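Tertiary structure, described
Residues per chain, in single letters:
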Amino acid sequence: MPSLNLWSGILFGLGLVSFIDETVFHQLLHWHHFYDKSTTSIGLISDGIFHAFSWFATIGGLFMLAHLLRTDALHKKRWWGGVLLGGGLFQLYDGTIQHKIMLLHQIRYVENVLVYDIIWNLFAIVLVIVGVMLIIQTKHTEAASAYADS
């Protein structure tokens, strides 16, 4: 079940980073809403939809994780690789597509937003790289294990 380990981690990571983004930057710091091109009410509604999406992804990933645990098929390193990859991909998508291409919102409405953009996207790239490295390491482990079993 290597792909289930990976997809469970990806969904959980995507949901977790989405949840952190929505909670910290939308609710606590009030830096932006998911959709900032309308009224505050529409912004809050868009945040609610975004929040629901993040929880569906998180819960879906956890249901898959529960199945892996029940069947004794959890590969922790591969799962954590998926978590980091999913979280990093979401953050990179958010920072490039939603912030810069679709212009749904900015990270923060300040004079020099470039600093925030660079930090946001560099952190996302680090998450993706570390996640991919963990996933690649587990592929080598699985290949060696399959060779030893034959």
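The sections below set out a description of the structure shown in this document. (Residues numbered from 1 in each chain as written. Predicted model: local features only at pLDDT ≥ 70, side-chain atom pairs only at ≥ 80, totals over all residues. Heavy atoms only, no water.)

Re the packing of aromatic side chains
Counted by the stated rule, this structure contains eight aromatic pairs. Among the aromatic residues, those joined into a cluster by ring pairs are F25, W31, Y116 and W120. (Phe/Tyr/Trp six-rings, centres within 6.5 Å; stacked < 30°, edge-to-face > 60°.)

Thoughts on the nonpolar core
Most often, soluble globular proteins have nonpolar side chains that are buried together. One finds L6, I10, L85, V128 and I135 forming the largest nonpolar core, which totals five residues. Mapped onto this core, the elements with two or more residues apiece are α1 (2-28) and α4 (113-149). Not counting residues within four places of it along the chain, the set of residues in contact with I10 comprises G82, V83, L85 and G86. (Core = buried A, V, L, I, M, F, W, Y, C linked by side-chain atoms within 4.5 Å. Buried < 20%, exposed > 50% of the residue type's maximum accessible area, 1.4 Å probe, protein only. Helix = DSSP H or I, 4+ residues; strand = E, 2+ residues; numbered from the N terminus. Contact = heavy atoms within 4.5 Å.)

Some thoughts on the packing of α1 against helix α3 (residues 76-101)
Between α1 and α3, the shortest axis-to-axis distance is 6 Å and the interhelical angle comes to 45°. One finds that α1 runs oblique with respect to α3. The interaxial crossing formed by α1 with α3 has right-handed handedness. Taking contact as the criterion, the partners of P2, N5, L6, S8, G9, I10, F12, G13, L14, V17, S18 and D21 in α1 are, on α3, R78, W79, G82, V83, L85, G86, G87, F90, Q91 and D94. Within the contact of α1 with α3, the residues separate by chemical class into 10 nonpolar, nine polar and three charged. (Axes fitted to C-alpha atoms, helices over the stretch in contact; angles between N-to-C directions. Parallel < 35°, antiparallel > 145°, perpendicular 65-115°, else oblique. Left-handed = near helix turned anticlockwise from the far one by under 90°. Nonpolar A, V, L, I, M, F, W, Y, C, P; charged D, E, K, R; others polar.)

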